[in-house]
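The primary structure of each chain is shown beneath.
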Amino acid sequence: MSVSRLAKGVLSSLASEPHPSAPRLSGLETLPRPRDVLRPGFLLGAATASHQVEGGNDNDWSEWEKGSFPDGTPHIKEGQVSGAACDSWNRFADDVALLRELGANAYRLSVEWSRLEPEEGAWNEAAADRYLEGMRLLRAQGIQPMVTLNHFTLPRWVAAQGGWENERTVEWIAAFTRRVARKLGGEVDLWCTLNEPNVLTTFGYMDGLWPPGVKDPKRGAQVLARMLRAHARMAAELREHDTVDADGDGQATRVGLSHHVRIFQPATRSPLDRVLAGFTDRFFNQAVVEANRTGRIQLYAPGVADIDEEVPGLKGSYDYLGLNYYTRDMLHSDLRSPKLSRLTVAEGRPVNDLGWELYPEGLYQVLMRYGREGLPIYVTENGMADTSGERRPDFLQRHFEALVRAASEGADVRGYFHWSLMDNFEWAEGYEPRFGLYRVDYSSPEKRREPTPAVATFQALARDLGLEPRARTDAA
Ligand code: GCO
């Protein structure tokens, strides 16, 4: 790392101090009506991911779930495994019925690479047909699919050859994307290449808490860069091979990725906290967004990463930016930690069941920050772990108000997907955290889905947008 680069970083961190200076969310009493502010065609939906809901998956995660850390603690809380999950692979029609009941006009879901390509070069056409059927079912019900091509999991054969640390993975995932685009492109226009490269990199390669369990920030930075190279290749494949305009809006593909954004606020007025909050913000939040504008991957963190490379096809590779927003972190400098800092929750603030601060204003802030740069935004995830289900209505309402406020002030936000449609396998946390609009009774053989109080809140939002919730006719 060059000294001048370090100095530049420090100066701009001090100058930018991202959060306190961000516009404040206020005046909710004068909130405009959503339908007067949001564009026609606004997508109101829910999100899931294949490994978390389908059940019966065999991939790097199902392998990881069986293991433990060197101190004997199981990789997944209480040694749980994803197993049958919500059995959505067999109960997809039930899930579509839930979306109808909500009044949703969109569903973000992912296709499972390990299911479609279980061995190198093998292709499971029956599974591909099943996904195609699912997309048709959604569209027949007026629900637009947004398909994520990779939501964290890798086929075992990819993981066995180094996974995201092997440059060939870029080609493998590009080839996979081509096949999916050809297969599903007639029904799907809205694509999300990768889910949260920054989160996967942090948990899988820096903190060692997710597969492959690496604790090396330098390797993590390399992986993040590789994932952005993969995104650029995947975007090109989608544009070349999905040429069918399924929804008739004049665009056959709209490509983006889902980017996890957090508010990093310096915990104290100490210059070091401020500098490190700035570095963390740029590494975690900003680099992925800027990649689209500059065509360069620029990752810089003192002592960890100094990557600056131009990537063919990266510039302009997003037609939209997907933002996954959950919470805010207070950042304390901690020079003994490999990441140079540790994160806490602002004192006295309400938190969800996982201890994440509930901070709707943060959604307004990120939309104002990213939604006025000429790129349409979809909120591709937002939700809370709430076992009681009692607090989710207010969470949903307040976050949606934050979105409407941002839209009324010029943020180009085109959709909102609540995480999640139903409770599901929450990675290292297992089944305990419940994020679902529908509660899943895992002990029942049919994995019964039961509405939580937030279903009524969602339905009210849908009605206000002119959408029509319809009762479930089946006994899901
Ligand atoms: C993520 C994922 C989801 C999570 C959700 C709740 O952010 O890790 O995209 O798979 O389940 O965010 O933590």
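Scroll up for the structure.
Residues numbered from 1 in each chain as written. Predicted model: local features only at pLDDT ≥ 70, side-chain atom pairs only at ≥ 80, totals over all residues. Heavy atoms only, no water.

### So, helix α5 (residues 92-102)
Part 1 of the argument: Counting buried positions along α5 yields ten of eleven residues, so the element is predominantly enclosed.
Part 2 of the argument: Taken as a whole, α5 has its buried residues at F92, D94, D95, V96, A97, L98, L99, R100, E101 and L102.
Part 3 of the argument: Summarising the contacts, the buried residues of α5 are in contact with β1 (43-47), β2 (106-110), α7 (125-140), β12 (438-441), β13 (448-451) and α15 (454-464).
Part 4 of the argument: Count one or two residues on from α5 and you reach G103, which has phi positive near 85 degrees. (Buried < 20%, exposed > 50% of the residue type's maximum accessible area, 1.4 Å probe, protein only. Helix = DSSP H or I, 4+ residues; strand = E, 2+ residues; numbered from the N terminus. Contact = heavy atoms within 4.5 Å.)

### Observations concerning the site of the ligand
Part 1 of the argument: Neighbouring the ligand are 14 residues, the closest being Q52, E196, Y326, E381 and E426.
Part 2 of the argument: Between the ligand and Y326 there is a distance of 2.8 Å, counted from an oxygen atom to a side-chain nitrogen or oxygen.
Part 3 of the argument: In the model, an oxygen atom of the ligand is placed 2.9 Å from a nitrogen or oxygen of the W427 side chain.
Part 4 of the argument: Considered on its own, the ligand offers 320 Å² of accessible surface; in the complex 97% of this is hidden by protein.
Part 5 of the argument: Class assignment for the residues of the shell around the ligand results in six nonpolar, five polar and three charged. (Near = heavy atom within 4 Å. Polar contact = N/O pair within 3.5 Å; in protein donor to acceptor, adjacent residues only side chain to side chain. Areas by Shrake-Rupley, 256 points an atom, 1.4 Å probe, with all protein chains shown as cover. Nonpolar A, V, L, I, M, F, W, Y, C, P; charged D, E, K, R; others polar.)

### What about the environment of T457?
Part 1 of the argument: Here T457 shows up in helix α15.
Part 2 of the argument: Its relative accessible area of 12% is what places T457 among the buried residues.
Part 3 of the argument: Other than its neighbours up to four places away in sequence, T457 contacts P393, L396 and Q397.

### Quick word on the nonpolar core
Part 1 of the argument: Of all hydrophobic cores here, the largest spans 121 residues; its most connected members are W164, L367 and L403.
Part 2 of the argument: When residues in this core are grouped by element, the largest group, eleven residues, is from helix α11 (residues 217-241).
Part 3 of the argument: Among residues more than four places away in sequence, those in contact with W164 are N150, L154, T169, I173, L194, L200, Y205, V223, R226, M227 and A230.
Part 4 of the argument: In terms of nonpolar packing, the next biggest core, distinct from the first, is built from 14 residues, L43, A49, Y378 and A385 among them. (Core = buried A, V, L, I, M, F, W, Y, C linked by side-chain atoms within 4.5 Å.)

### A closer look at the packing of helix α10 (residues 197-206) against α11
Part 1 of the argument: Where α10 meets α11, the closest approach of the two axes is 9 Å, and the angle between their N-to-C directions is 150 degrees. By the angle between their directions, the pair α10 and α11 is classed as roughly antiparallel. In terms of crossing hand, the pair formed by α10 and α11 is right-handed. Along the contact surface, α10 presents P197, N198, L200, T201, Y205 and M206, while α11 presents P217, G220, A221, V223, L224 and M227.
Part 2 of the argument: Of the residues assigned to the contact of α10 with α11, the class counts are nine nonpolar, three polar and no charged. (Axes fitted to C-alpha atoms, helices over the stretch in contact; angles between N-to-C directions. Parallel < 35°, antiparallel > 145°, perpendicular 65-115°, else oblique. Left-handed = near helix turned anticlockwise from the far one by under 90°.)

### Focus on the packing of aromatic side chains
Part 1 of the argument: Counted according to the given criterion, the structure contains 24 aromatic pairs.
Part 2 of the argument: Ring geometry for W113 against W157: centres 6.1 Å apart, planes inclined by 85 degrees, an arrangement best described as edge-to-face. Taken together, the positions of W113 in helix α6 (residues 113-116) and W157 in helix α8 (residues 156-160) put the pair 44 residues apart, joining distant regions of the chain. Neither W113 nor W157 differs from the other in exposure class; each is buried.
Part 3 of the argument: Between Y326 and W356, the ring centres sit 5.6 Å apart and the planes meet at 85 degrees, which makes this aromatic pair edge-to-face. Taken together, the positions of Y326 in strand β8 (residues 321-333) and W356 in the loop between β9 (341-344) and α13 (360-370) put the pair 30 residues apart, joining distant regions of the chain.
Part 4 of the argument: In this structure an aromatic cluster arises from ring pairing among W61, F152, F203, W210, F425, W427, Y431 and Y442. (Phe/Tyr/Trp six-rings, centres within 6.5 Å; stacked < 30°, edge-to-face > 60°.)

### Some details on the pairing of β12
Part 1 of the argument: Direction of pairing for β12 relative to β13: antiparallel, over a ladder of four bridges. By the bridge assignment for β13, V440 is matched with R449.
Part 2 of the argument: Between β12 and β13, which pair antiparallel and follow one another directly, the connecting turn spans six residues, one of which, K447, has a positive phi of 50 degrees. (Pairing = 2+ DSSP bridges.)

### Considering the pattern of salt bridges
Part 1 of the argument: Under the criterion given, the structure shown has 40 salt bridges.
Part 2 of the argument: When the shortest N-O distance is used, the salt bridge between D87 and R91 registers 3.0 Å.
Part 3 of the argument: When the shortest N-O distance is used, the salt bridge between R136 and E187 registers 3.4 Å. Separated by 51 residues along the polypeptide, R136 in helix α7 and E187 in the loop between α9 (168-184) and β4 (190-195) bring together distant segments of the chain.
Part 4 of the argument: Residue R136 is classed as partly exposed on the basis of its relative accessible area of 48%.
Part 5 of the argument: Here the salt bridges do not stand alone but share partners, grouping D58, E63, K66 and R156 into one network. (Salt bridge = Lys/Arg side-chain N within 4 Å of Asp/Glu carboxyl O.)

### What about α10?
Part 1 of the argument: Within α10, nine of the ten residues are buried, which leaves the element mostly enclosed by the surrounding structure.
Part 2 of the argument: Within α10, burial applies to P197, N198, V199, L200, T201, T202, G204, Y205 and M206.
Part 3 of the argument: For α10, the elements touching its buried residues are β4, α11, β5 (254-266) and α12 (271-294).

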